[in-house]
Amino acid sequence: MTEKRPSPTQHAQISWNQQGTPVAEQFDDVYFSNVNGLEETRYVFLKQNNLPQRWLDSSAQHHVIGESGFGTGLNFLASWQAFEQFRTQQPSHCLNHLYFVSFEKYPLTTSDLVKAHQAWPELAQFAQRLQQRYPTVMTEGCQRLHFQCDGYCVTLDLWIGDILEQLPSVYTGSAGTVDSWFLDGFAPSKNPDMWSQALFDGMARISKPDATLATFTAAGFVRRSLIEAGFAMSKANGFGTKRDMLVGHFPAQTAQDPDTSAQNVAIIGAGIAGAALAYSLCSRGVTVDLYERESQAATAASGNRQGAIYPLLTPTKPEQTQFHVQAFLYQQQTIDMAREHNPQLGYEQCGVLQLAHSDKSLTAIDKIAHARYPQALVEHVGEDDANRLAELTVDAQGLHYPLGAWVNAPGYVNTLLDKAAQTGKLNLHFGKELSGFIPEADRVTLSFTDGSQASHPRLVCCHAEQALQHDPQLPITPVRGQVSHIQSSPQLSALSKVLCFSGYLTPGLEQQHCLGASFIRFDLSRELRDEETRENLEKLQTSLPRPWNQALNVADSQGRAAIRATVRDHLPLIGRYPDLKAIYRDGYAEAWQGEPLPVLENCYLLTGLGARGLSIAPLAAELLASELTAQPLPASKDMKSLLEPQRFYLRRLQKGRPLP
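Now for a description of the structure that goes with this document. (Residues numbered from 1 in each chain as written. Predicted model: local features only at pLDDT ≥ 70, side-chain atom pairs only at ≥ 80, totals over all residues. Heavy atoms only, no water.)

Turning our eyes to something else, we now look at unusual backbone geometry. With omega at 10°, the peptide bond leading from L51 into P52 counts as cis. In this fold, P52 is placed in the loop between α1 (37–47) and α2 (53–57). Cis peptide bonds are those with omega within 30 degrees of zero, and the linkage from G516 to A517 qualifies with -10°. In this fold, A517 is placed in the loop between β28 (512–516) and β29 (520–521). The phi angle at D395 is positive, at roughly 50°, despite the residue not being glycine. Following the sequence through the fold, D395 ends up in the loop between α12 (383–390) and β18 (398–401). Exposure remark for D395: the relative accessible area of 30% places this residue in the partly exposed category. (Helix = DSSP H or I, 4+ residues; strand = E, 2+ residues; numbered from the N terminus. Buried < 20%, exposed > 50% of the residue type's maximum accessible area, 1.4 Å probe, protein only.)

This part covers the sheet that holds strand β32 (residues 599–607). Reading across the sheet, the six strands line up as β20-β13-β12-β24-β32-β31 and stay open at both edges, with mixed pairing between neighbours. Only two strands of the sheet have a single partner each, and these edge strands are β20 (426–430) and β31 (573–578). For this sheet, the mean angle separating the axes of adjacent strands, direction not counted, is 25°. Two strands pair when backbone bridges link them, and strand β13 (residues 287–292) and β20 are joined in this way by five bridges, in the parallel orientation. Looking at the pairing, L290 lines up with L428 of β20. Taken strand by strand, helix α19 (residues 613–628) contacts β12 (264–268), β24 (458–461), β31 and β32, and its axis lies near 160° from that of β32. (Pairing = 2+ DSSP bridges. Axes fitted to C-alpha atoms, helices over the stretch in contact; angles between N-to-C directions. Contact = heavy atoms within 4.5 Å.)

Once that is clear, we can look at helix α11 (residues 359–370). Here α11 spans 17 Å end to end across 12 residues, near enough to the 16 Å set by a 1.5 Å rise per residue. Considered for burial, the residues of α11 that qualify are S361, I365 and I368. For α11, the arc enclosing every buried residue in end-on projection is 60°, short of the 170-degree limit, so these residues lie on one face. Within α11, the exposed residues directed more than 90 degrees away from the buried face are D359, K360 and H370. (Expected span 1.5 Å × (residues − 1). Arc of directions from axis to C-beta.)

The next thing to look at is the packing of helix α9 (residues 272–283) against helix α13 (residues 409–421). Direction vectors running N to C along α9 and α13 enclose 25°, while the axes themselves pass 8 Å from each other. In terms of their interaxial angle, α9 and α13 are classed as roughly parallel. The way α9 lies across α13 gives a crossing that is left-handed. Counting all contacts with α9, which are made through I272, A275, A276, A278, Y279 and C282, the residues of α13 involved are Y412, V413, L416, L417, K419 and A420. Grouping the amino acids of the contact of α9 with α13 by side-chain chemistry returns 11 nonpolar, no polar and one charged. (Parallel < 35°, antiparallel > 145°, perpendicular 65-115°, else oblique. Left-handed = near helix turned anticlockwise from the far one by under 90°. Nonpolar A, V, L, I, M, F, W, Y, C, P; charged D, E, K, R; others polar.)

Looking now at the packing of aromatic side chains. Two aromatic rings, taken as a pair, are described by how far apart their centres are and by the angle between their planes. Across all of its chains, the model carries 20 aromatic pairs by this definition. Relative to F448, the ring of Y291 has its centre 4.8 Å away and its plane inclined at 35°; by these criteria the two rings are tilted. With Y291 in strand β13 and F448 in strand β22 (residues 444–448), this residue pair connects regions lying 157 residues apart in the sequence. Cluster of aromatic residues (ring-pair linked, three or more members): F45, F70, F76, W80, F100, F126, F147 and F182. When the ring centre of F448 is taken as reference, the NZ or CZ atom of K432 above it lies at 5.1 Å. The side chain of K640 reaches across the aromatic face of Y171, ending 5.0 Å from its centre. (Phe/Tyr/Trp six-rings, centres within 6.5 Å; stacked < 30°, edge-to-face > 60°. Lys NZ or Arg CZ within 6 Å of the ring centre and 35° of its normal.)

Structure (structure tokens):
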């Protein structure tokens, strides 16, 4: 395979004119009107899209605005302010979630964003929250930002990259995605490449029936191209000294599909995957029944005292890397929410050091170091810098992930469940081990080992290796992992970073460090073993042979063992549950003609998170929750396909190879 390297995101080059308005040097154009940019936004985009009257008339729970240039975020902030005013006036209205889907090729730096926002003091409360959450690491693709407010939610999907490349990758259901378009960006004369038929066709592809459109320009070729794409267009009076502008709508071609979003979902498994999904769904108003075989949550792989959080970077697999980076950046928001809800949650964003401990690991580290990842995400460090960062002598070069962290996993899981329970939408059922399920046209009947049954419109299996009991052909490998709890020492107590080598070692928590972990495939025992404790210590001592770890005593060590569900391509299984009985029936592979693979009706999977569950579970859950509720997905079509559980069977069928 030819090595691919990510293209670094280029920030906007800004200058400021005499009126204090930011000017994009790439396009020699202002970001907003020198006279009154906020009033222009309100007139051109809010008024001409008939907002908030359309919100008042809506019977939906969410409204989606699409925008062709994020810039300073002025349109987003003005929309947020208008939506808050609408919710204040209509606090019991069903419409309580505003999505703002925006595309930006040259994002502003945080400092330029802050300076630009000073022009609108009345938007300060919204601008400050955006500035706090504005991505410190800009990578191509969608970065989802949540803003929970009093009685409503605003979600910004910031798609970084050229809109002509990003827009075609936006996933949309049969009913479309966008309700209102803000066709912004720099003037057609300044940025002709963007104002193209490809853009307008892409907008039409993801527009809902009767979606509206507004743009400040009245250029004839823009109007004709939008008509060609399927929009009905007309002129309206322009703002200020501008004579005309364009407005339009996307006519409904057929009757709209009925609402198929889930109102009740059963989840199996109360680990990090199930807890994150319960939180995402309950936050959307979906009633969740969560079934767990044990007497409490986080008893399996999600029960470790300290779990490391950092992204999996594989330069030769850019699609895989993009998911892990996007998930790593997204999880910080969930952690922040959890810590706000539970200030006692054990957590430290201390950074992670991935150290070279062998020739193979050195080669892998060199590949990452020479790929052009943002320095805020990962940086190469020599031995001296590694020692300084760790505050302990490691004498090894490696990679530093400044945003890396550790978290107390069971505390995190239970905080997510507690936050979900606050919505009044979560029903917890402990001591309920799934023995089987029967999909039907509109329900799924669940059977449990205690003889009881339950019926729900949707089922999501999040129960890791236990899913193999129902379908042994699932592409999951169970892996036993034992973590050792080592008492601290005077030297070890100085450790300030999570160290990753052939194992990992965390900074201290209550005078104990987590040292791990063993990796034994197909071993389902959860019994604590002394020999694996010794092996964990030997990994540390042979990987980093330093005096401070040679004297560590394992005699009084404790720990825990759990089973991780791993997938060979290091990506989770997220999506429709494949009908494996149909796929594996005699003659299916030979007769297959490229049609979609059969799936179990109303059944989904969210599992296979492996050792990266704490890093990827929040985004994985958000993806599936968005799909289940027919809301915008924070992922491209390609990424969604990359995560589908049926991908392994599909690849083999496409290549004419026998199923495993």
